[in-house]
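Report on the structure
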Amino acid sequence: MPKYTLHYFAAPGRAEVARLIAVVGGLDWEDKHYGYDDWPAFKAKTPFGQVPVLEVDGKMLGQSAAIERYLAKQAGLLPQGDDWAVAHAEALQGFLTDIMNDIMPTMQIKDLDARIKARQDLLQGATKDKLTRLNAAVEAAGGKHVAGGKLSNVDLAIFVALSQLKSGQYDGIPKDVLSPYPALSSFQQYIAGLEPIKKHYAGITEGSRLAYKPDSA
């Protein structure tokens, strides 16, 4: 069995889904972090001058979506079901990108009050609409797994996105942001309570990853 090395920064960011796939899948993997000092030297070695990068047997794979799908296949965590069910699950994963793309431009707003207002406007507008639609989709799928009645990389991607939203890391987005969306709130707590994930975050005592733990933890 190969050894997988995931290269990224210490923050959840664009590597957290891949990390959880490796954790849940029981893969032999290393989580290698970079800081300001050692990042420039490694950047020159990456395929696209960015991370995350997955290294396997000396070969490097860039782009988080490709990494996630590759690891999910190795871990047996690709969505299950007929072709339509799998495509629907992957469409939900794409929809997550739309939700986060609403928020990302607000990171460039330097004025705190303006940044908070922009995000609050999203929670009453475009993001509210998208979360309502995602809530309905998760509910229609049964509330625990979005494809095949089995945990998949798409479930983990939804979990990470919801956890980031409620983490408090975004000024203007409250930690109870999921309260109006009961299916999403329940789904996020269900995934957080799965034993491999619960164990993975057990030692977290501060920072945004607190949101990845069950609320009762």
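One can find the structure itself at the top, above this paragraph.
Presented here is a report on the structure given in the accompanying data block. (Residues numbered from 1 in each chain as written. Predicted model: local features only at pLDDT ≥ 70, side-chain atom pairs only at ≥ 80, totals over all residues. Heavy atoms only, no water.)

Describing the overall build of the protein chain
When helices and strands are tallied, the protein chain shows nine helices and four strands. When the helices and strands of the protein chain are read in sequence order from the N terminus, they spell out β-α-β-α-β-β-α-α-α-α-α-α-α. For 217 residues, the compact-globule estimate of 2.2 N^0.38 gives 17 Å, and the protein chain sits close to it at 17 Å. Projected onto the principal axes, the alpha-carbon positions of the protein chain cover approximately 45 × 45 × 35 Å. Looking at the 217 residues of the protein chain, the share that counts as buried comes to 45%. The contacts in the protein chain between residues at least 6 apart in sequence include a share of 66% that link residues at least 24 apart. Element-wise, carbon and sulfur atoms account for 52% of the exposed surface of the protein chain, whose accessible area totals about 11,200 Å². Treating the 24 positive side-chain charges of the protein chain as one cloud and the 25 negative ones as another, the clouds have centres 1 Å apart. (Helix = DSSP H or I, 4+ residues; strand = E, 2+ residues; numbered from the N terminus. Rg over C-alpha atoms; globule rule 2.2 N^0.38 Å. Buried < 20%, exposed > 50% of the residue type's maximum accessible area, 1.4 Å probe, protein only. Contact = heavy atoms within 4.5 Å. Areas by Shrake-Rupley, 256 points an atom, 1.4 Å probe, with all protein chains shown as cover. Lys, Arg positive; Asp, Glu negative; His and termini not counted. Charge placed at Lys NZ, Arg CZ, Asp CG, Glu CD.)

What to know about empty space enclosed by the protein
Overall, the coordinates contain one cavity of 30 Å³ or more when judged by the stated rule. The space that makes up the largest cavity amounts to roughly 30 Å³. Counting only elements with at least two residues in the lining of the largest cavity, the list comes to β1 (4-8) and α1 (16-25). Of all the elements, α1 adds the most residues to the lining of the largest cavity, at three residues. In terms of residue class, the lining of the largest cavity is built from seven nonpolar, no polar and one charged. (1 Å grid on protein atoms, 1.4 Å probe; cavity = no way out; pocket = protein on both sides within 12 Å on 5 of 7 lines; lining within 4 Å. Points joined across faces, edges and corners; volume = space filled by probe spheres on them. Nonpolar A, V, L, I, M, F, W, Y, C, P; charged D, E, K, R; others polar.)

A short note on the nonpolar core
Ranked by size, the top nonpolar core spans 62 residues in total, and within it I21, L71, L134, L156, F159, L165 and I191 carry the most contacts. Considering each element in turn, this core owes the most residues, nine residues, to helix α7 (residues 153-165). (Core = buried A, V, L, I, M, F, W, Y, C linked by side-chain atoms within 4.5 Å.)

A short note on helix α6 (residues 126-140)
Helical geometry: 3.6 residues make up each α-helical turn, so side chains three or four residues apart lie on a common side. End to end, α6 covers 21 Å across 15 residues, agreeing with the expected 21 Å (1.5 Å per residue, within 8%). Regarding α6, the residues found buried are T127, K130, L131, L134, N135, A137 and V138. Seen end-on, α6 carries its buried residues on one side only, within an arc spanning 165°. Opposite its buried face, α6 presents the exposed residues R133, E139 and A140, each directed more than 90 degrees away. Contacts made by the buried residues of α6 are with α4 (83-103), α5 (112-123), α7 and α8 (182-192). Within two residues after α6, G142 carries a phi angle of roughly 110°, on the positive side. (Expected span 1.5 Å × (residues − 1). Arc of directions from axis to C-beta.)

Quick word on the packing of α1 against α7
At their nearest, the axes of α1 and α7 sit 9 Å apart, and the two run at 130° to each other. Between α1 and α7, the crossing angle belongs to the class labelled oblique. α7 is crossed by α1, and the crossing has right-handed handedness. Touching E16, V17, L20, I21 and V24 of α1 are N153, L156, A157, F159 and V160, all from α7. (Axes fitted to C-alpha atoms, helices over the stretch in contact; angles between N-to-C directions. Parallel < 35°, antiparallel > 145°, perpendicular 65-115°, else oblique. Left-handed = near helix turned anticlockwise from the far one by under 90°.)

Concerning the environment of F48
Note on placement: F48 falls in the loop between α2 (39-43) and β3 (53-56). Each C-alpha atom of the pair F48 and K166 lies 31 Å from the other, and the pair is 118 residues apart in sequence. In this view, F48 contacts G62 and Q63; residues no more than four positions away in its chain are not counted.

Here we look at the sheet that holds strand β2 (residues 29-33)
Within the open sheet, the four strands sit side by side as β2-β1-β3-β4. Their pairing is mixed. With one partner strand each, in any of the chains shown, β2 and β4 (59-62) form the two edges of the open sheet. On average, adjacent strands in this sheet sit at an angle of 25° to one another, irrespective of strand direction. Relative to β2, β1 runs parallel, the two being bridged by five bridges. In the strand pairing of β2, H7 is matched with K32. (Pairing = 2+ DSSP bridges.)

Description of the side chain of Q188
The topology assignment puts Q188 in helix α8. For Q188, the side chain forms a polar contact with the side chain of K166, separated by 3.4 Å. When residues no more than four places from it in sequence are discounted, the contact partners of Q188 are F159, L162, S163, K166, L178, A211 and Y212. (Polar contact = N/O pair within 3.5 Å; in protein donor to acceptor, adjacent residues only side chain to side chain.)

Focus on the packing of aromatic side chains
Under the definition given, this model contains seven aromatic pairs. With a centroid separation of 5.5 Å and an interplanar angle of 75°, the aromatic rings of F9 and W39 are classed as edge-to-face. On the criterion of sequence distance, the pair formed by F9 in the loop between β1 and α1 and W39 in helix α2 is long-range, its members being 30 residues apart. Assessed through its relative accessible area of 29%, F9 is described here as partly exposed. (Phe/Tyr/Trp six-rings, centres within 6.5 Å; stacked < 30°, edge-to-face > 60°.)

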